[in-house]
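Examining the three-dimensional arrangement
This is what each chain is made of:
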Amino acid sequence: MSTPQENQKLSLKPNQALLFGRIHSVRRADDFTYTEVTLPAVDQYTPPNSVEIRSKKRLGQAGETIEALVTCGGYRAKSFQYLDKETGEKVTRRPTVNVYSAVEE
C-alpha cells in the first residue's frame, strides 16, 4: 500500500482511478482474480459503494484495507425488454457493465 505522500506524486492517465477500500471477498476465475472491495461511505447517512477489481495477482485477503490503481472500462450488456408501469409500453433497455482492472507493474 502506498503512503499519502506517494499518492500526491501519482499522475493519473485518462480512464484511471485510485480506489481505496476494504476487501470483502476474493474469487478466482480463469486467469483472473476478482476482488470485491467496499469503498468508504460519503457520510454516515449514505451506504457504502462496492466495486469488483479484476487483476492477475491477488490484491489481498478479506478484511484488509487496500489502495488500488485501476483502469476504468466496461461494455454494453445484452438488451432486454420490460413493461413500463406508468405508460404500459414495452421498453428495450441495454445496460452498461463497469469493469475495473488493476494496473499491475
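Our structure is the block above this text.
Residues numbered from 1 in each chain as written. Predicted model: local features only at pLDDT ≥ 70, side-chain atom pairs only at ≥ 80, totals over all residues. Heavy atoms only, no water.

Topic: the overall build of the protein
Note the cut-off: Every helix listed is a DSSP run of H or I at least four residues long, and every strand listed is a run of E at least two residues long, numbered separately from the N terminus. Within these notes, the globule rule equals 2.2 Å times the number of residues to the 0.38 power, and the radius of gyration is based on C-alpha atoms. Three labels apply to residues, based on accessible area from a 1.4 Å probe with only protein chains included: buried if under 20% of the type maximum, exposed if over 50%, partly exposed otherwise in between. A contact between two residues is defined here by any heavy atoms of the two lying within 4.5 Å. All accessible areas in this document rest on Shrake-Rupley with a 1.4 Å probe, and a residue is counted as covered only by the protein chains that are shown. The charge count treats Lys and Arg as positive and Asp and Glu as negative. His and the chain ends do not count. Charge positions are represented by NZ for Lys, CZ for Arg, CG for Asp and CD for Glu.
Secondary structure summary: the protein contains one helix and seven strands in total. For the protein, whose C-alpha radius of gyration is 17 Å, the value lies well above the compact-globule estimate of 13 Å for 105 residues. With respect to the principal axes defined by its C-alpha atoms, the protein has extents near 55 × 40 × 30 Å. When each of the 105 residues of the protein is scored for burial, the buried share is 19%. For the protein, restricting intrachain contacts to residue pairs at least 6 apart in sequence, the fraction spanning at least 24 positions comes to 51%. Total accessible area on the protein is roughly 8,200 Å²; 49% of this is exposed by carbon and sulfur atoms. Taking the average location of the 15 positive side-chain charges in the protein and that of its 13 negative ones, the two points are 6 Å from each other.

Details of unusual backbone geometry
Of note in this structure, Asn15 is not a glycine but carries a positive phi near 65°. Tracing the backbone shows Asn15 in the loop between α1 (4-9) and β1 (16-29). Here Asn15 falls in the exposed class, since its relative accessible area comes to 55%. Of note, the phi angle at Asp30 is positive, near 55°, even though the residue is not glycine. Along the chain, Asp30 turns up in the loop between β1 and β2 (32-38).

A look at the pairing of β2
This is how it is decided: Pairing between two strands is assigned when DSSP locates at least 2 bridges connecting them.
Where β1 lies against β2, seven bridges are found, and the strand directions are antiparallel. Residue pairing in the sheet places Arg28 in a bridge with Thr33 of β2. The hairpin turn running from β1 into β2, its antiparallel successor, is two residues long, and Asp30 in that turn takes a positive phi close to 55°. Judged from the six bridges that link them, β2 and strand β3 (residues 50-55) form a sheet pairing that is antiparallel. Paired with Glu36 across the bridge in β3 is Glu52.

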